[in-house]
Amino acid sequence: MKIHGRHYRAIWVNADGWSIEVIDQTKLPFAFETRRLSSVEDAAEAIKTMVVRGAPLIGATAAYGLCLALRQDASDEALEAAYRQLHATRPTAINLKWALDEMCAAVRNRARPERAAAAYTRAAQLCDEDVATNEAIGRHGLKLIEEIAARKKNERVNILTHCNAGWLACVDWGTALAPVYMAHDKGIKLHVWADETRPRNQGGSLTAYELGAHGVPHAVIADNAGGHLMQHGKVDMCIVGTDRTTANGDVANKIGTYLKALAAHDNNVPFYVALPSSTIDWTIKDGLREIPIEERSAREITHVMGRASDGKVMTVELTAPGSPAANPAFDVTPARLVSGLVTERGVCNATHEGLLKLFPERAA
Ligand code: MRU
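Please read these numbers as outputs of a predicted model, since none were measured by experiment.

Caption draft 1: Structural detail: the overall build of the chain. Scanning the chain from terminus to terminus reveals 12 helices and 18 strands. Computed over the C-alpha atoms, the radius of gyration of the chain is 20 Å, within 12% of the 21 Å expected from 2.2 N^0.38 for a compact globule of 364 residues. With the C-alpha coordinates aligned to their principal axes, the bounding extent of the chain is approximately 60 × 55 × 45 Å. Look at the contacts in the chain between residues 6 or more apart in sequence, and 73% of them connect residues 24 or more apart. Per element, the accessible surface of the chain, about 15,400 Å² overall, is 50% carbon and sulfur.

Written out as structure tokens, the structure is:
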């Protein structure tokens, strides 16, 4: 995607051939800054503090984190320690484990002197695959938007999204936003309602930033506005991403997604979830009981970052001083509330059977 006329991915290898550069998402939307990662500790810290975030990008950063670790020490012990360190950073997104497992499979049986190079090669492949996967998700999701546009006789299509499932959450394109970009580029009239997404405001700061940079018409709305807009016919479809999808089609996504799905169900608004298959956890079937939900710091609720009128970016307290706060970071939307899963292989019902039709190799 382009920022200030230059094409960026959300993560890349620097010209030195080994250190990793990422866009510092904690600085957006007020400053576009990149950050260099030169050790596994840097990578783990970037994931934990959400310098990088979004399930696919967490996976890509962890993959390069293993490369950085192996560059220092290619022993089995170092590999295991780096795996454990990176895996412990964020518990909900299954892409993290998926990417780490892919990396281990690529290096484990190699001689130590070859491991770092093999790791860099595999991490680059994972990133390229992520781009291709999201482009395919975009093509399949585009058809859904085209159908609505045709039904509305080319009147504006209103799409609601939650959190940020755009290119900043991935290597490029995004999952939920890939179809939006493709539809916009094709000349389909559309407008995006971007949920602000408290507490960290990924919608207001990241989704709005991306959409604005690409020229996609949008408006940021308070998290509680979606139900009202749906009741008044102002939402034609919802599309969100997911951090973990069960084999039965339950989806864990940013806190507040479930409430949007409930409102969509009550108002007959289609609710789609876009995902790369690396987000499917085939080992579990009951999202509510089996998906670990990350609890983040209460400070994310009690404090908020913003820009003052003098241009200074600062963090201010928001709640009654001393009030405790709770911060579950994800919720689970049961499959029955999901109209369809948009994957790189096509759109399917949010059921085990639906997923197996697209991924028959998983039947065993
Ligand atoms: O806490 P975050 O910002 O990492 O949460 C991100 C989301 O919930 C996204 O919707 C999800 O990772 C899908 S990204 C393509």
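Caption draft 2: Summary view of the environment of Leu144. Residue position: Leu144 is located in helix α5 (residues 112-151). Residue classification places Leu144 among the buried positions, given a relative accessible area of 9%.

Caption draft 3: Summary view of helix α7 (residues 202-214). Taking 1.5 Å of rise per residue, 13 residues should cover 18 Å, and α7 covers 17 Å from first to last C-alpha, within 8% of that figure. Ala208 marks where α7 bends most, by close to 30°. Of the positions making up α7, those classed as buried are Gln202, Gly203, Ser205, Leu206, Thr207, Ala208, Tyr209, Glu210 and Leu211. Against the buried residues of α7 lie β1 (2-3), β6 (157-161), α6 (177-185), β7 (190-195), β8 (218-221) and β11 (251-254). Where α7 ends, the next residue or the one after it, Gly215, has phi of about 80°, a positive value.

Caption draft 4: Just the side chain of Thr242, in detail. With respect to the helices and strands, the residue Thr242 is situated in the loop between β9 (237-240) and β10 (244-246). Given the relative accessible area of 7%, Thr242 is considered buried. Within polar-contact distance, the side chain of Thr242 engages the side chain of Thr245 at 3.3 Å. Reaching out from Thr242, the side chain makes a polar contact with the backbone oxygen of Ala252 at a distance of 3.1 Å. Here Thr242 is in contact with Ala55, Val251, Ala252, Asn253, Val273, Ala274, Leu275 and Thr279, once residues within four sequence places are set aside.

Caption draft 5: Looking closely at α6. Among the 9 residues in α6, 7 count as buried, and that is most of the element. Every buried residue belonging to α6 is among Leu177, Ala178, Pro179, Val180, Tyr181, Met182 and Ala183, and all of these are buried. Of the surrounding secondary structure, the elements contacted by the buried residues of α6 are α5, β6, β7, α7 and β9. Residue Gly187 follows α6 closely and has a positive phi angle near 95°.

Rules of the game
- Residues numbered from 1 in each chain as written.
- Predicted model: local features only at pLDDT ≥ 70, side-chain atom pairs only at ≥ 80, totals over all residues.
- Heavy atoms only, no water.
- Helix = DSSP H or I, 4+ residues; strand = E, 2+ residues; numbered from the N terminus.
- Rg over C-alpha atoms; globule rule 2.2 N^0.38 Å.
- Contact = heavy atoms within 4.5 Å.
- Areas by Shrake-Rupley, 256 points an atom, 1.4 Å probe, with all protein chains shown as cover.
- Buried < 20%, exposed > 50% of the residue type's maximum accessible area, 1.4 Å probe, protein only.
- Expected span 1.5 Å × (residues − 1).
- Bend = angle between axes of the 7 residues up to and from the residue.
- Polar contact = N/O pair within 3.5 Å; in protein donor to acceptor, adjacent residues only side chain to side chain.

Shape is all these values report; function is a separate question.
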